Every structure is written in structure tokens, then in C-alpha cells.
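Residue-level structural notes
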Amino acid sequence: MAPRQHDAENRLPWDLYLAVIRIEVDRALEVTDDLDAAVPGCPGWTARDLFEHIGLVFRHKVESMRTASEPPWPLTGLDTSDVRRLLVEETATLLAELQQRGPREVRHTWFPDDRSNGFWFRRMALEATVHRVDAEQAAGTEVTPIEPEVALDGIDEFLTIFVGGPWWDDDEELTGFPVDARIRIVADDRAWTLALSHHEVVVRKDDDAPVDLSLEGSPHAVYLWLWGRGPADFVLDGRKDLLKELEGRFAEAGT
């Protein structure tokens, strides 16, 4: 049976995802002069570690598509002595693989509701976007605004795929941030309502019932905040004391 397409109506055009990967990697390479610079969004990492990580993640997804399975992580056997070359080559390999296979082919992903290559189109574009921000922050340069449509797509992916679900539903996966509340996150004309408990997060997009805390900001600001790359630079209404607990819960989901 073919996989259920998870919120496929909210996906961006497939060619746009490919363009985002190219643009974001080029920008990361462009701004990085010092490979030993610390990466604020990834404590303990340098820009060298960042480039190696992106390159290995890209190749890992290529191997996943080629084998229709989950390759071991971290990958071994790749020459990582020149991380700039590694990133350039693995970006080209990823783009070629995605273009050749297309988004509809059913292969392997870690998300059970979408086993299509389209999952990787989206995931790798948004991976590149967040790590471009990392490169800019490491370089000490101004962060380039994320296009609203990309940021909104990224917010949706983070909330519905990374956060939403029963990820804390057993004794081995207890959350360190047992938020029990209803939260609404608003960016532009889109809204996501999260019902959080100790064991799960239920995400709805058509819910206008009262909430304990609402957060509203630009897509760029909200997206960076969700991934721990920016401050809570938006309007808060309600129980502001929930913010730190919420940030902790999001950090668990994004690791």
C-alpha cells in the first residue's frame, strides 16, 4: 500500500526545495572564512564540524534513497579532510539523486506517515536553511532573512513531524519538561495549536479554542526560535511562565 502523504497540500513546489538547498549551501560557503569559528547554535562545534555534518547528512540520505533502508550513522569511509570540498561534492550528489528519483518514489524515511522521496526534498532543504543560519552566526555576519514561505513550511514541519506525536509515551522517553498546557503559535495567517501533556503533543491547525499561551511573530523569527537559533522575538499573550518549559520540550524534539 502506498504511504499516506502527510499534509502534502502544504508542501512547497519540489523545484523550490532543490533551489533552497543550492542557495543555502552556497551562502554558508560564502560567509565562512574561519573554519575554526565556534557555532553558537551547536555548542562545541566549529564551522569545520558544521560543514562535515551537513556533507555527511546529505550523503546519508542519498544512501538511504539508494538502498531503501536506514544506513548506519555516522557514515564511515568518506574523506573529510577538506570539508569545503566534501560539502560541495555531497550537495551535488544529493541534488542529482533527488532530481533523478523525483519526489513520488517510495523508498525509506524515518517518518512512518511519509515514505516518499518528497520527504527528503523538504527535510534536506530545511536542514540546509537552519545550518546556513548557523554558518552566518559563526561568521558573525547578519543573518539573511528566511523567505516567508520557506519559514512557514519549516514551522509546519517542526511542529507536525518533530514535535507532534507520542514521542514521550514510555518510561525510557520521559520528557524533562512535562508541560501540560495548550499553546498556539501564529505566523502570518497560519496558526498551530499544541495540546501538550507529559506523554505526547497533539498538533491541530483548525483549532480556535482558548489556550494558555499564544505566541505570534514573523515566520523567520518563529522558525529560528523553534530550532533554538533565535530569541522569542514575538508577541506573547497568556502564561509567559510556560515559555522556558516549552523551549525545553522543543529542544528535546529537535535533537
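Residues numbered from 1 in each chain as written. Predicted model: local features only at pLDDT ≥ 70, side-chain atom pairs only at ≥ 80, totals over all residues. Heavy atoms only, no water.

Mapped onto the elements of the fold, Phe177 is located in the loop between α5 (148-163) and β1 (181-187). For Phe177, a relative accessible area of 28% puts it in the partly exposed group. Counting along the chain gives 87 residues from Phe177 to Glu90, while the straight-line C-alpha distance between them is 37 Å. Excluding its chain neighbours within four sequence positions, the residues that come into contact with Phe177 are Glu245, Gly248, Arg249 and Glu252. (Helix = DSSP H or I, 4+ residues; strand = E, 2+ residues; numbered from the N terminus. Buried < 20%, exposed > 50% of the residue type's maximum accessible area, 1.4 Å probe, protein only. Contact = heavy atoms within 4.5 Å.)

This next bit is on the packing of aromatic side chains. Under the defined criterion, the tally for this structure stands at 13 aromatic pairs. For the pair Trp14 and Tyr17, a centre-to-centre distance of 5.9 Å together with 45° between the ring planes defines the contact as tilted. Within this pair, Trp14 and its partner Tyr17 are both found in helix α1 (residues 14-31), separated by three residues, close to a single helical turn. Pair check on accessibility: Trp14 and Tyr17 agree, each one buried. Measuring from centroid to centroid gives 5.2 Å for Trp110 and Phe119, while their planes differ by 90°, and the two rings are edge-to-face. With relative accessibility at 2%, the residue Phe119 sits in the buried group. Cluster of aromatic residues (ring-pair linked, three or more members): Trp110, Phe111, Phe119, Trp120, Phe158, Phe162, Trp225, Trp227, Phe234 and Phe250. (Phe/Tyr/Trp six-rings, centres within 6.5 Å; stacked < 30°, edge-to-face > 60°.)

With that settled, consider the sheet that holds strand β5 (residues 235-238). An order of β3-β2-β1-β4-β5 is seen for the five strands of this open sheet, with the pairing classed as mixed. Every other strand in the sheet has two partners, leaving β3 (201-204) and β5 as the edge strands with one partner each. Across the sheet, the axes of successive neighbouring strands diverge by a mean angle of 15°, strand direction being ignored. Two elements, strand β4 (residues 213-217) and β5, share four bridges in a ladder whose sense is antiparallel. Looking at β5, one finds that Ser214 is bridged to Asp237. Helix-sheet contacts for α5 involve β1, β2 (190-196) and β3, and the interaxial angle to β2 is about 20°. This element, helix α6 (residues 219-226), spans β1 and β4 of the sheet and lies at about 135° to β1. (Pairing = 2+ DSSP bridges. Axes fitted to C-alpha atoms, helices over the stretch in contact; angles between N-to-C directions.)

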